[in-house]
Every structure is written in C-alpha cells, then in structure tokens.
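# Breakdown of the fold
Single-letter residue listing:
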Amino acid sequence: MADIFERLIKNYGPIGQYRERAHGYFAFPKLEGEIGSKMKFRGQEMIVWSLNNYLGLANHPEVRKADADASAKYGLALPMGARMMSGNSDLHEQLERELAVFEFKEDAILMNYGYQGIMSAIDALCGRHDVVVYDAECHACIIDGLRMIPGHRFVYKHNDVEDCEKQLIRAQALVDKQASGGILVITEGVFGMAGDQGKLKEIAALKKKVAFRLLVDDAHGFGTLGKTGAGAGEEQGCQDEIDLYFSTFAKSMASIGAFMAGPRTIIDYIRYNIRSQIFAKSLPMPYVVGNLKRLELLRSKPELKAKLWKNALALQNGLKEKGFDIGKTDSVVTPVYMKGGVEEATAMVMDIRENYKIFCSIVVYPVIPKGHIIYRLIPTADHTQEEIDLTLKAFSETKAKLDAGMYQSDMIPDMANK
Ligand SMILES: Cc1ncc(COP(=O)(O)O)c(C=O)c1O
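Residues numbered from 1 in each chain as written. Predicted model: local features only at pLDDT ≥ 70, side-chain atom pairs only at ≥ 80, totals over all residues. Heavy atoms only, no water.

Glancing now at the sheet that holds strand β11 (residues 334–339). Strand order in the open sheet made by the 3 strands is β11-β14-β13, with antiparallel pairing throughout. In the strand order of this sheet, the two ends are held by β11 and β13 (361–363), each with one partner. Along the sheet, successive strands turn relative to each other by an average axial angle of 25 degrees, direction set aside. Packing against the sheet, helix α13 (residues 302–321) makes contact with β11 and β14 (372–377), and its axis sits at approximately 20 degrees to β11. Strand contacts of helix α15 (residues 385–403): β11 and β14, with the helix running at about 20 degrees to β11, the strand carrying the most contacts. (Pairing = 2+ DSSP bridges. Helix = DSSP H or I, 4+ residues; strand = E, 2+ residues; numbered from the N terminus. Axes fitted to C-alpha atoms, helices over the stretch in contact; angles between N-to-C directions. Contact = heavy atoms within 4.5 Å.)

Written out as structure tokens, the structure is:
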C-alpha cells in the first residue's frame, strides 16, 4: 500500500518542484506597504504591475475610511451564520439591489468568494440532462465547477464562434436524443491572461440558431469596460443577451466577495440552492459596507476608469511602438509575449526587479508551452506617465539582453527566502 504523503513529497507538482529556489521571490513574493503603483519588495521600492487594483480603489481615502468605520462599528463577526439561517442583513440586500441595477438586471445574489461562488452556481444551475458548452480558456473556477456537475460538457476552441456553434449543434442533438435537458454556454467577458474580450455579441447571436442560456464571468471587465463600467456586455452592446452576469469584487473593487446578476426568478432559485452560500457563513458586514462604498465610487467617479484607460493605452501603445508583441488584448490587461526558456525568464525577472526596480508577473512553462515567456502587466488608475516610461525603457533594455543571449543559464537562480 502506498502512503499518500510519501507519494506527494516525491513530486511537488509543476511549480512546487522549483520551490526551494523560488519561494518568496518567483513564487509567494511579499509586496509590502500601502497598495499602489509603488510598493516594497524585499526592502526595495518597485513599480508594481501585478495588482488587479484597476481603478486604484484599494487605497482610495473614501474606501479606507468606509472599511475602517465599518470594522469599528460592526467587527468581523456580524452577521453570524449563513444568509439563509441567521446571517442576512438589510445591507447585504441593499448591496444586491444596487449591483442588480448597476448591471441592468432584475436581481443579484452575493457570494463570499468568486471562485467557490461560480463553481457552486454552476452546480446549482445544471442537472444531469443539461449540457454546458464552454470556452477552452475559461478560468480554473469554471473548469472546477464543470467537474462537479453530472451533465455533459462540450468545449469549444478559444473565442472561436464557429466552433462554439458546432458544439451547440452537438449539444442540441444530445438534448433532443435525451428528450430532456437544456444548454448553458459559459464564457468570460475578458480572458485574464491574454486580455482579449470574449466574443459575447457573436456568441449571443447564436441564440437565433440554437436555444441556450448564457453565463458570463466578467471578473476583468466589471468596472473597466462599458460606458458605465457595467462590463464587457455593456461594451459590446449585448448586456441584455447575457442571462447570468458574474463578477468577483477582487479586481476593480479591490475587495473580497462576488455576485451573480440575472432574472429575479433564477437568482431566487440560486439563492435557495447554492450550496457554497447556504452552508457557509455570510460576508462580514465591513466587506458589505466597503463594497457598497466601492460601488458608489464606480458610479460617481468615471474619471477613475478614464485614467485607467489613459494609462493602459499609453503602456500598450508604447510597447507596440518598441516592437513588442502584446497579442490580441482589447482590454487593459497587457500581456507581453517573448521567447525563451524558464531559466532565461527567471534571470530576466531578476534583472528587471533588482536593477530596474520593476515588479511584474511572469508566466512560463508548464502554464504555457515550452520556450515561451509572457509578462503580464496590469495597469491601474494609480500609475503615472513617468512609471510607464521607466517600464518601457526597462522592457526595451532587458529584451535586447534576452535576444543577445545574456540571460542564458542552465539553472534557475536560487532566490528563496532562507
Ligand atoms: C475570471 C475569474 N473568475 C473568478 C475568479 C475568482 O474570484 P475570487 O478571487 O473572488 O475567488 C478570478 C480570480 O480572482 C478570475 O480571474
């Protein structure tokens, strides 16, 4: 008989295998100080491009005051219990009503976290005869939700509307054969790695050919896209075609929690059947009050979204002018595609951090194919033009070193916190 623990420590997994050299530097780094475009990493001040604090709300004085006042007034305990049993409040319901209005939907339900919230919503929505058709690059929380359901799942190639239609036709044939079940399409408003918007309008148009319901995870579009900030559906002029709209508060709201908005009847169904909320303590009051304040600022301060886009376009255009490949982004998420091995990528990250004082996230094999490197830059409303210029200069210089083979090495540098 094999001991489970023994098996696990023989192989720490695709990223865990590097932990002895990487911990605290390439993985699990600690950014310290006030959240903003500059923070401290290992005691040095750096320009930070890794935080989804899109609108700069994390450290907005009104947000900090609302969070502090609510914590002083309510503490973290209130309300006790799950919403259904003893953990409901007027403020939870007010936040749901305000989110529904913001998203042009009838009703909304709060969730404690986005990840478990959407997983559990998928579980609540789908029965054994239903078929889910979903984008191949959906976030892990959607994939995990799909692992929970007994029905069929058909994946379509990323953002490929033709393939989506093909899978819808397969799904239709299956529900016809079963003489039972319906179809749910799941995609994202903005894909968080490449920054490309989901083709929501074109996918929604397929409803004319095959009947289905559309669920959109708009974690990165909420607050950043659309005239009022309502997200990718508003941006593309198809918000009404999205049957269920989901977003986390972890990005433009710089907070914790999530919500799903849609028709009153269906949100009520979810309210009474979503296991992750029924069997878990409700969001503490300071989060609810803090999220109400953040939503108020999303509505009342369009200048934050304008500043975010000004910075994003300055960064993206600057990168393009310098010959960088930033792929197909049509959101503020800014990937920079390069070629090189994992060892080269880590040496380049070290150079950028230690010598240029720039902190950004890097994605390498096995998350993406071997030989590719992606730098993922997240502009925010807090960044300045000077920080953008310094970053563009650092990227040009380090890319030249990469191309000249100056980072070549057969080892990942040992940068772990000892
Ligand atoms: C697309 C997407 N959905 C859901 C989540 C999970 O949200 P949360 O952090 O609230 O669990 C994330 C990451 O935060 C995400 O990027």
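What follows deals with the side chain of Ser-50. Position of Ser-50 relative to the elements: it lies in the loop between β3 (44–48) and α3 (61–74). On the accessibility criterion, Ser-50 (17% relative accessible area) is buried. Side-chain polar atoms of Ser-50 contact the side chain of Ser-361, separated by 2.8 Å. With sequence-adjacent residues up to four places away left out, Ser-50 is seen in contact with Phe-359, Cys-360 and Ser-361. (Buried < 20%, exposed > 50% of the residue type's maximum accessible area, 1.4 Å probe, protein only. Polar contact = N/O pair within 3.5 Å; in protein donor to acceptor, adjacent residues only side chain to side chain.)

Now for the pattern of salt bridges. The full count for this structure, using the stated rule, is 19 salt bridges. A salt bridge links Asp-107 to Arg-271; the shortest N-O distance between them is 3.0 Å. With Asp-107 in strand β4 (residues 107–111) and Arg-271 in helix α10 (residues 264–271), this pair connects stretches of sequence that are 164 residues apart. Look at Arg-271 and you get partly exposed, because its relative accessible area is 23%. (Salt bridge = Lys/Arg side-chain N within 4 Å of Asp/Glu carboxyl O.)

This next bit is on the sheet that holds strand β9 (residues 244–248). Here we have 7 strands laid out as an open sheet, ordered β4-β10-β9-β8-β7-β5-β6, and mixed in their pairing. Of all strands in the sheet, those bounded by a partner on one side alone are β4 and β6 (152–156). Neighbour to neighbour, the strand axes of the sheet diverge by 20 degrees on average, direction disregarded. Summarising the sheet, β9 and strand β10 (residues 258–262) pair through 4 bridges and their orientation is antiparallel. Bridge pairing links Ser-247 to Phe-259 in β10.

Its 19 residues place the ends of α15 27 Å apart at the C-alpha level, agreeing with the 27 Å of an ideal helix rising 1.5 Å per residue. Taken together, the buried positions of α15 are occupied by Glu-387, Ile-388, Thr-391, Leu-392, Ala-394, Phe-395, Thr-398 and Leu-402. Remark: Gly-405 follows α15 within two positions and exhibits a positive phi of approximately 80 degrees. (Expected span 1.5 Å × (residues − 1).)

Right, let's talk about the packing of aromatic side chains for a bit. Applying the stated criterion to the full structure yields 9 aromatic pairs. Here Phe-41 and Phe-359 contribute two aromatic rings whose centre-to-centre distance is 5.1 Å and whose plane-to-plane angle is 65 degrees, an arrangement assigned as edge-to-face. In this pair, Phe-41 sits in strand β2 (residues 38–41) while Phe-359 sits in strand β12 (residues 358–359), placing the two residues 318 residues apart along the sequence. The burial state of Phe-41 is the same as that of Phe-359; both residues are buried. Arg-19 extends its terminal NZ or CZ atom over the ring of Tyr-12, reaching a point 3.3 Å from the ring centre. For the cation-ring pair, Arg-170 lies above Phe-154, with the distance from its terminal atom to the ring centre recorded as 3.9 Å. (Phe/Tyr/Trp six-rings, centres within 6.5 Å; stacked < 30°, edge-to-face > 60°. Lys NZ or Arg CZ within 6 Å of the ring centre and 35° of its normal.)

The quantities given are spatial measurements derived from coordinates; they are silent on function.
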